[in-house]
Amino acid sequence: MSTRDRELRFTHRHLLGIEGLYPFEITDILDRAEGYAALNRERAPVPALLEGRTVINLFFENSTRTSTSFERAAKRLGADVINMNVQTSSIKKGETLIDTASTLNAMHPDVLVVRHGDSGAVKLLSQKMNCAVLNAGDGTHEHPTQALLDALTIRRRKGNITGLTVAICGDILHSRVARSNIHLLSAMGARVRLVAPTTLLPSNMAVLGAEVFHDMREGLKDVDVVMMLRLQKERMEGTYLPSQREYFHFYGLDYDKLSVAKEDALIMHPGPMNRGVEIDSDVADDFERSAIQEQVEMGVAARMACLEVVTANFEAWRAEQGQ
Amino acid sequence: MNSKFEKATNRKVYINARLIDPASNLDIQGGVLTDGELIADFGPHLVSGDGLAQDIQVIDCEEACLAPGLIDMRVQLREPGEEHKGTLKSAGVSATSGGITSMVSLPNTTPVTDDMSVVEFVARRARKLGLTKVYPYGAITQGLKGKEMAEMGMLAESGAVAFTDGIRAVSSAKVMRKALSYARNYNLLLVQHAEEPSLADGGHMNAGELALRMGLTGIPTVAETIMVARDVRLAEDTGGRLHFAHISTAESIGIIRRAKERGVKVTCDTAPPYFSLNELAVGDYRTFAKLSPPLRGEEDRQAIIEGIKDGTIDVIASDHAPEDEDSKRLPFAQAAFGGVGLETLLPITLELYHNKHLSLLEALRKITCQPADILGLPSGRLEKGLAADLMMFNPERGWKIDADQLTSKSKNSPFDGRLTQGRCLRTVIDGRIVFEL
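Remember, predicted model here, so these are calculated numbers, not experimental data.

Draft legend 1. Spatial organisation of the overall build of chain A. Helix and strand counts for chain A stand at 11 helices and 9 strands. Its C-alpha atoms give chain A a radius of gyration of 20 Å, within 12% of the compact-globule value 20 Å for 323 residues. If one aligns the C-alpha atoms of chain A with their principal axes, the spans along those axes are about 60 × 45 × 35 Å. Looking at chain A as a whole, 58% of its 323 residues qualify as buried. Contacts in chain A between residues at least 24 apart in sequence constitute 74% of all its contacts with a sequence separation of at least 6. For chain A, the distance from the average position of its 37 positive side-chain charges to the average position of its 43 negative side-chain charges is 2 Å.

Draft legend 2. Representation of the overall build of chain B within the structure. When helices and strands are tallied, chain B shows 15 helices and 20 strands. By the compact-globule yardstick of 22 Å for 437 residues, chain B fits well, its C-alpha radius of gyration being 21 Å. Across its three principal directions, the C-alpha atoms of chain B cover 65 × 45 × 45 Å. Look at the contacts in chain B between residues 6 or more apart in sequence, and 75% of them connect residues 24 or more apart. Accessible surface, chain B as shown: approximately 16500 Å² in total, 48% of it carbon and sulfur. Of note, chain B has its 50 positive side-chain charges centred 2 Å away from the centre of its 58 negative side-chain charges.

Draft legend 3. Geometry of a nonpolar patch on the surface. Nonpolar side chains collect at one region of the surface, where L199, V222 and I226 of chain B lie side by side and expose about 220 Å² of accessible area between them. One can find V222 of chain B in helix α8 (residues 221–238).

Draft legend 4. Spatial organisation of the nonpolar core. Ranked by internal contacts, the top residues of the largest apolar core, which has 206 residues, are L112, L148, I168, L253 and L307 of chain A together with L190 and F244 of chain B. Here the element with the most residues in this core is helix α11 (residues 292–321) of chain A; it accounts for 12 residues. Ignoring anything within four residues of it in the chain, the contact list for L253 of chain A reads M216, L220, V226, M228, L258, I267, E278, I279, D280 and V283 of chain A. Core analysis: the next-biggest nonpolar cluster, separate from the first, contains 17 residues, L19, C61, L382 and A388 of chain B among them.

Draft legend 5. Inspection of the packing of helix α1 (residues 23–41) of chain A against α11 of chain A at higher detail. Residues and elements named next belong to chain A. Between α1 and α11, the least distance of the axes is 8 Å, while the angle of their chain directions is 125 degrees. The orientation of α1 relative to α11 falls into the category oblique. Seen along the crossing, α1 lies across α11 with a hand that is right-handed. Across from I29, R32, A33, Y36, A37, N40 and R41 in α1, the residues of α11 making contact are E294, E297, M298, V300, A301, A302, M304, A305, C306, E308 and V309. Taken together, the residues of the contact of α1 with α11 sort by class into 12 nonpolar, 1 polar and 5 charged.

Draft legend 6. Quick peek at the side chain of Q295 of chain A. By the secondary structure assignment, Q295 of chain A is in helix α11. Within the local environment of Q295 of chain A, its side chain forms a polar contact with the side chain of D150 of chain A, the two groups lying 2.7 Å apart.

Draft legend 7. The arrangement of the side chain of D110 of chain A in detail. All names here are of chain A. Following the sequence through the fold, D110 ends up in the loop between α3 (97–105) and β3 (111–116). The side chain of D110 is buried and forms no salt bridge, while R318, the nearest opposite charge, is found at 4.2 Å. At a separation of 2.8 Å, a polar atom in the side chain of D110 contacts the main-chain amide nitrogen of T54. Discounting residues that sit within four places of it in the chain, D110 has contacts with G52, R53, T54, C131, A132, F314 and R318.

Draft legend 8. A look at the pairing of strand β2 (residues 26–35) of chain B. Residue and element names in this part refer to chain B. With 9 bridges connecting them, strand β1 (residues 11–21) and β2 associate as antiparallel partners. Across the sheet, R18 pairs through a bridge with Q29, a residue of β2. Counting the residues that bridge the hairpin from β1 to β2 gives 4 residues, and of these N25 lies at a positive phi of roughly 60 degrees. In this structure, β2 lies alongside strand β3 (residues 38–43), joined through 5 bridges in antiparallel fashion. Each residue of the ladder has a partner; that of T34, found in β3, is I39. Here β2 folds back onto β3, and the loop between the two strands holds 2 residues, one of which, G36, carries a positive phi near 65 degrees.

Draft legend 9. Structural context of the pattern of salt bridges. Here the structure, examined in full by the defined rule, presents 41 salt bridges over all chains. Two residues, K133 of chain B and D389 of chain B, come together in a salt bridge whose shortest N-O distance is 2.7 Å. With K133 of chain B in strand β8 (residues 133–136) and D389 of chain B in the loop between α15 (369–375) and β16 (390–393), this pair connects stretches of sequence that are 256 residues apart. Taken as a pair, K133 of chain B and D389 of chain B share a single burial class, namely buried. The salt bridge partner of R418 of chain B is E351 of chain B, with a shortest N-O separation of 2.8 Å. Placement of the pair is R418 of chain B in the loop between β17 (398–400) and β18 (419–421) and E351 of chain B in helix α13 (residues 345–354), with a sequence separation of 67 residues. Residue R418 of chain B is classed as partly exposed on the basis of its relative accessible area of 22%. Counted as one network, the salt bridges with shared partners bring together D31, E34, R155, R156, R157 and E294 of chain A.

Draft legend 10. Examining the sheet that holds strand β5 (residues 165–169) of chain A more closely. Residue and element names in this part refer to chain A. The strand order across the open sheet formed by 5 strands is β7-β6-β5-β8-β9, and the pairing between neighbours is parallel. Lying at the two open borders of the sheet, with one neighbouring strand each, are β7 (211–213) and β9 (266–268). Here the strands of the sheet are splayed against their neighbours by 20 degrees on average, with no regard to which way each runs. Sheet topology places strand β8 (residues 225–228) next to β9; 3 bridges connect them, and they run parallel. Each bridged residue has a counterpart across the sheet, and for V226 the counterpart in β9 is I267.

Draft legend 11. Here's a closer look at the interface of chain B and chain A. Contact residues are listed per partner, giving 18 residues for chain B and 18 residues for chain A. Of the roughly 1500 Å² buried where chain B meets chain A, counting both sides, 50% is carbon and sulfur surface. Seen at the junction of chain B and chain A, the total is 2 salt bridges. Notably, a salt bridge pairs R245 of chain A with E151 of chain B, separated by 2.6 Å at the nearest N-O pair. Run the count over chain B and chain A and you get 11 residue pairs in polar contact (both at pLDDT 80 or more). Only α4 (152–157) and α5 (173–185) of chain B provide two or more residues apiece to the side of chain B that touches chain A. With 5 residues, α5 of chain B is the single largest residue contributor to the side of chain B that touches chain A.

Draft legend 12. Just the sheet that holds β3 of chain A, in detail. All names here are of chain A. Read across the open sheet, the 4 strands follow the order β2-β1-β3-β4; overall the sheet is parallel. Only two strands of the sheet have a single partner each, and these edge strands are β2 (80–85) and β4 (132–138). Taking the axes of each pair of neighbouring strands and ignoring which way they run, one obtains an average angle of 15 degrees across the sheet. Pairing geometry for β3 and β4, over 5 bridges, is parallel. Bridge assignment links H116 to a residue of β4, and that residue is D138. On top of the sheet, helix α2 (residues 65–76) reaches β1 (54–59), β2, β3 and β4; it is set at about 180 degrees to β1, its chief contact. Each of β1, β3 and β4 is contacted by helix α4 (residues 121–128), which is oriented at about 170 degrees to β4, the strand it contacts most.

Basis of the calculations
Residues numbered from 1 in each chain as written. Chains lettered and ligands numbered in written order. Predicted model: local features only at pLDDT ≥ 70, side-chain atom pairs only at ≥ 80, totals over all residues. Heavy atoms only, no water. Helix = DSSP H or I, 4+ residues; strand = E, 2+ residues; numbered from the N terminus. Rg over C-alpha atoms; globule rule 2.2 N^0.38 Å. Buried < 20%, exposed > 50% of the residue type's maximum accessible area, 1.4 Å probe, protein only. Contact = heavy atoms within 4.5 Å. Lys, Arg positive; Asp, Glu negative; His and termini not counted. Charge placed at Lys NZ, Arg CZ, Asp CG, Glu CD. Areas by Shrake-Rupley, 256 points an atom, 1.4 Å probe, with all protein chains shown as cover. Patch = residues over 30% accessible without salt bridge, like charges linked within 9 Å, V, L, I, M, F, W, Y side chains within 5 Å. Salt bridge = Lys/Arg side-chain N within 4 Å of Asp/Glu carboxyl O. Core = buried A, V, L, I, M, F, W, Y, C linked by side-chain atoms within 4.5 Å. Axes fitted to C-alpha atoms, helices over the stretch in contact; angles between N-to-C directions. Parallel < 35°, antiparallel > 145°, perpendicular 65-115°, else oblique. Left-handed = near helix turned anticlockwise from the far one by under 90°. Nonpolar A, V, L, I, M, F, W, Y, C, P; charged D, E, K, R; others polar. Polar contact = N/O pair within 3.5 Å; in protein donor to acceptor, adjacent residues only side chain to side chain. Pairing = 2+ DSSP bridges. Buried area = accessible area lost by both parts, 1.4 Å probe.

Structural measurements only, silent on function.
Here you go:
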């Protein structure tokens, strides 16, 4: 199946965030990703839609899972991939983001995949780059491909997203994953609940269109999907939370707290997990209910779809410019 | 235990009493029947005790007032850690002789009550003693250091009734804001000793003319008021529940009064010295009147009384702080802060009644049902089925306070030699008479 035959409904040159996307654009990416997921699972060849194209992976923050996933996705589509490790590059020596952009432009990439620790940094780069830019996570702002792979996982397990109740639990305040997921899930017609202690979930988060809970048992009641977030170590030592054990006691996902959710509730986690902090090992490894491994698998498929659509739009834009 | 037998023989009736229940505005002639640990019945029909079963023990109150036992929401116990200044037992004996049946202990023990094991230790030890019930406060921050939050959720589960850093203020606005926010998760109450340390440190008495004349470094009233103002804003912003301990200045009262009008979830208490004494009490370098916060000027004292009258001040707490002679018989600047107060809480509070600032019921409300309601304790009122925690007193009976005669292990009372009325005559805890004068 060649996904290029489909009508392209995603309209942007960059994918910087989920906020502002139309449901049909999200569905377009998910449908394409669905096709790739099937091919990936069969280890079947996929159309080399990115053959001769250059994808640069520029990661200002350490990441293994996301950068590998992007690399795999780009290579599956036949692209030449350059991984730039910021730790050893001149960017570490004090080059500004704008200068980095000009340097990279000189290499004529087709797609730049960027992760940066500051919210908005990817958007700033996108304004300076002569290529498509894919946000692989910026600060505490957005992580669109994570939300897309989560949505793909949910859709495959549950059939659809509309009408589901999804609880996102944990360090929502500092989570770009949470923000992207809130936007995507509510755009697709799911009911989103946020569950966390008050210090990690200010009540004004409700403006994002989700219901706010501070008690796990209330928040997980009758939900279809439980999405756990990673809790950073530095947040557990008294500044946002008193301790790891107190957090696990009240907010760690174990079978006891999970018992109020729907019997077939899906358990998700963007990884990497802190076992015994936000999630009990038994739950994380539950073969029937945990979709955590599948999320990683869907990551490659979702990113292939993202690369495909932004490349297509970038090329259309170039054709228009007569370049 | 053979409960049936216990029940049959453990019934007592207190007859011929003036029954007072501030929670329900009850003030009538009557009696109280206790069955085991609980209040079984009360009312005018029990005034004579006629027609009751033979096996019920009859106690004649001789027309004295019979009221719910007092709740003291601010007590420093020196156990564990400083047993030479006071123990759970010495505080228990002292509290029962003051009519106090429940007290809440500050976390500034050694080790600090920032760990579940200390909460459980204090509660278990106090239960064994069978004297005044002890409810521990948990620490807001680990080690009372004002930096990282303590495990408030788990401490509450193990029995901490509310949270405070004790005699220290949580001075960082950021930490206080986080703590108020976090406490809201579990609907916990935070209690603040409102005193900005950068203004108070190094001071020994109220800043003003007297301090100037005495050559002592003062603690200005703004040390208290700026923190009250700050924390009111933080409580408003976070929606957290906040209680200010031992309010001592007129300006603080004004800030809290306006906050309450706006609907901020804030309450406060003061201690007897702040409405019955002023800074002149430390004249002649009397270290027994060296308190924290310091005794203030007369205008502040008057404002405290107004605050008590109009309800801005919800509670009167003893602020019991035992210090041994070695910590008090020192040059003023070197002496420890604090005074004992368990035995004098009732008679000094009753001065507000005798001086016609409050009715008897209003005065008792500040030391019974109001602290109980703020802390969520199942006591402080006459109600069938509640624990039979009672105290008896005669509001007119005179008592000259003699510090040496106090049962407290430490005798550092700022009220030595004061003529008062209304000493506690008898105290009942869980149906057992634990004190009789």
